[in-house]
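# Survey of secondary and tertiary structure
Residue-level listing of the chains:
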Amino acid sequence: MTGPANPAGVPSSSADDEGGAGPDAILRNNIGYDMKRAFNAIQADVNATLQPFGLRMLTYSVLAVIRDNNGLRQSRLAEILLIERPNLVLILDELEGLDLVTRTRAPDDRRAYELTVTLKGRRLCDRAFRAVAEHDNRMARGLGAEERAALHKALRLIESNGRSPDDSGNSGREIPRP
């Protein structure tokens, strides 16, 4: 059952959907708002999960992608994770200082760096991966396998809708990067 239409003419969510109307009820009609709230919950939980490993969501993400793509160029990693290059340098400085990754000049381009995970980094990432998998299951509690697959599909569709086919990710408007 839906409530009265909001100013945009979209029926509002039912009280059953949210457990009652709250002060942000008008915002709950926006997928982006619900995604933001869900992301905030996920980010807080994953950071608490990763804290015992000395990692955060972003440092774990960088470490995991490097682990699975040894020799990856620093510029390509920035593209994959949608991180501004100067911000990535700070993250890599942190991981390198902890002896989790190494940066070496690319033999074919002295301006580029190739990234490699150290043995210490691989072991830490493997342990953190298991903890993140538990976090993921905890956050998706109540969703069956089909619902999880549908959620992944919907999120990837929403992500692709923010891109145009001719620009590999930027549809002409500035897209904020994490």
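Predicted, not measured: the structure shown is a model, and the values here were computed from it.

Thresholds applied
- Residues numbered from 1 in each chain as written.
- Predicted model: local features only at pLDDT ≥ 70, side-chain atom pairs only at ≥ 80, totals over all residues.
- Heavy atoms only, no water.
- Helix = DSSP H or I, 4+ residues; strand = E, 2+ residues; numbered from the N terminus.
- Buried < 20%, exposed > 50% of the residue type's maximum accessible area, 1.4 Å probe, protein only.
- Contact = heavy atoms within 4.5 Å.
- Areas by Shrake-Rupley, 256 points an atom, 1.4 Å probe, with all protein chains shown as cover.
- Pairing = 2+ DSSP bridges.
- Axes fitted to C-alpha atoms, helices over the stretch in contact; angles between N-to-C directions.
- Left-handed = near helix turned anticlockwise from the far one by under 90°.
- Nonpolar A, V, L, I, M, F, W, Y, C, P; charged D, E, K, R; others polar.
- Polar contact = N/O pair within 3.5 Å; in protein donor to acceptor, adjacent residues only side chain to side chain.
- Core = buried A, V, L, I, M, F, W, Y, C linked by side-chain atoms within 4.5 Å.
- Phe/Tyr/Trp six-rings, centres within 6.5 Å; stacked < 30°, edge-to-face > 60°.
- Lys NZ or Arg CZ within 6 Å of the ring centre and 35° of its normal.
- Patch = residues over 30% accessible without salt bridge, like charges linked within 9 Å, V, L, I, M, F, W, Y side chains within 5 Å.
- Salt bridge = Lys/Arg side-chain N within 4 Å of Asp/Glu carboxyl O.

## Concerning the overall build of the chain
Across its full length, the chain carries 7 helices and 3 strands. Listed N to C, the secondary structure of the chain is α-α-α-β-α-α-β-β-α-α in terms of helices and strands. Taking all 178 residues of the chain together, the buried fraction comes to 27%. Within the chain, contacts between residues at least 6 apart in sequence are counted, and of these 45% link residues at least 24 apart. Here the chain has roughly 11,800 Å² of accessible surface; of this, 55% comes from carbon and sulfur atoms.

## Notes on the pairing of strand β3 (residues 109-117)
Summarising the sheet, strand β1 (residues 72-73) and β3 pair through 2 bridges and their orientation is antiparallel. Across the sheet, L72 pairs through a bridge with L115, a residue of β3. With 6 bridges joining them, strand β2 (residues 101-106) and β3 adopt antiparallel strand pairing. The residue of β3 that forms the bridge with R105 is Y113.

## Some words on the packing of helix α2 (residues 31-50) against helix α6 (residues 119-139)
The N-to-C vectors of α2 and α6 enclose an angle of 145°; their axes lie 10 Å apart at closest approach. Where α2 crosses over α6, the handedness of that crossing is right-handed. Across the interface between the two elements, A41, I42, D45, V46, T49 and L50 from α2 touch A128, A131, V132, H135, R138 and M139 from α6. Its residues assigned to classes, the contact of α2 with α6 comprises 8 nonpolar, 2 polar and 2 charged.

## What to know about the side chain of D24
Structurally, D24 can be placed in the loop between α1 (15-18) and α2. Of note is the side chain of D24, whose polar atom sits 2.7 Å from the side chain of Y33. Among all residues touching D24, those that are not within four sequence positions of it are Y33 and R37.

## Focus: the nonpolar core
Side chains that are nonpolar tend, in soluble globular proteins, to be buried together. L55, Y60, V62, L63, I66, L77 and L92 are the most contacted members of the largest nonpolar core, which has 26 residues in total. Of all elements in the fold, only α2, α3 (57-68), α4 (74-81), α5 (85-97), β3 and α6 reach the threshold of two or more residues within this core. With 6 residues, α3 is the single largest residue contributor to this core. Here L63 is in contact with L55, L95, L100, V101, V117, G121, L124 and C125, once residues within four sequence places are set aside.

## Observations regarding the packing of aromatic side chains
As enumerated under the stated definition, the model contains 0 aromatic pairs in all. The aromatic ring of F129 is capped on one face by R67, whose charged end is 5.8 Å from the ring centroid.

## Quick word on a nonpolar patch on the surface
On the surface, I31, M35, L143, L151, L155 and I158 cluster together to form a nonpolar patch covering roughly 490 Å² of accessible area. Looking at the nonpolar patch, the elements with two or more residues in it are α2 and α7 (145-161). Looking at which element gives the most residues to the nonpolar patch, the answer is α7, with 3 residues. Of note, I158 is situated in helix α7. Looking at I158, the relative accessible area reads 39%, which means it is partly exposed.

Any functional reading would require information that these geometric values do not contain.
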